[in-house]
Amino acid sequence: DAGVIQSPRHEVTEMGQEVTLRCKPISGHDYLFWYRQTMMRGLELLIYFNNNVPIDDSGMPEDRFSAKMPNASFSTLKIQPSEPRDSAVYFCASSSPHRRETQYFGPGTRLLVL
Amino acid sequence: AQSVTQLGSHVSVSEGALVLLRCNYSSSVPPYLFWYVQYPNQGLQLLLKYTSAATLVKGINGFEAEFKKSETSFHLTKPSAHMSDAAEYFCAVSDPGGFKTIFGAGTRLFVKA
């Protein structure tokens, strides 16, 4: 299996622009998680889905952030408009119905908002 | 509410020496506990997990951790450090449902030759 796939790996954009991060979970996994990692705040859970349905989005920082999962093999995290304080590494992770507690992480997207 | 505290943001050991990374947790329900490792520019990789079975848990790369309920601790150890162990290590806790995992701030391990 290829593992969790994230794209792009690096993104540099200007303040005010829309940013879309993409994630393909491991096939057969029914949970998908989005995390943000910064030096100041560490690793934070933003939102997670079960069977494509958002279950808990209490970690989403504000309305500029939105996440979707249109099907079992694809999810997006969108920031519109982006701000410099959104600069971080964004990770996607997935877990299977048989080992729900074990999350498999993608390589992350490093976002820099200028 | 659950929380995790990792003692020491940086730990430095010599190659061949014992590795000890400390983690204390707080949970109102029997927790699941995890140690993850993150190498530079990579995602987190599970080292080991405790899910209420044996209190001494063995993981990959020679690491192990012991769940001590009386001390609310889950310290990570390895008898002999290798240069390739240099990375950042995260302790994490979740409820038995495993839906929401809370991560510690991380401990960066340096291994000196």
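Structure: above.
Please read these numbers as outputs of a predicted model, since none were measured by experiment.

### Observations concerning the interface of chain A and chain B
Link 1 in the chain: Taken together, the contacts link 20 residues of chain A with 18 residues of chain B.
Link 2 in the chain: Summed over both sides, the interface between chain A and chain B buries roughly 1600 Å², with carbon and sulfur atoms accounting for 51% of that surface.
Link 3 in the chain: If you sort the residues of chain A by the area they bury against chain B, Leu43, Glu101 and Phe105 of chain A come out on top, with a joint share of 33%.
Link 4 in the chain: In this assembly, chain A and chain B are joined by two salt bridges.
Link 5 in the chain: Between Asp56 of chain A and Lys100 of chain B there is a salt bridge, and its shortest N-O distance comes to 2.8 Å.
Link 6 in the chain: Our count for the contact surface shared by chain A and chain B stands at nine residue pairs in polar contact (both at pLDDT 80 or more).
Link 7 in the chain: Contributing elements (two or more residues each) for the side of chain A that touches chain B: β4 (31-38) and β5 (42-50) of chain A.
Link 8 in the chain: Counting residues per element, the side of chain A that touches chain B draws most heavily on β4 of chain A, at four residues.
Link 9 in the chain: Class assignment of the residues belonging to the side of chain A that touches chain B gives a composition of nine nonpolar, five polar and six charged.

Conventions we followed
Residues numbered from 1 in each chain as written. Chains lettered and ligands numbered in written order. Predicted model: local features only at pLDDT ≥ 70, side-chain atom pairs only at ≥ 80, totals over all residues. Heavy atoms only, no water. Contact = heavy atoms within 4.5 Å. Buried area = accessible area lost by both parts, 1.4 Å probe. Salt bridge = Lys/Arg side-chain N within 4 Å of Asp/Glu carboxyl O. Polar contact = N/O pair within 3.5 Å; in protein donor to acceptor, adjacent residues only side chain to side chain. Helix = DSSP H or I, 4+ residues; strand = E, 2+ residues; numbered from the N terminus. Nonpolar A, V, L, I, M, F, W, Y, C, P; charged D, E, K, R; others polar.

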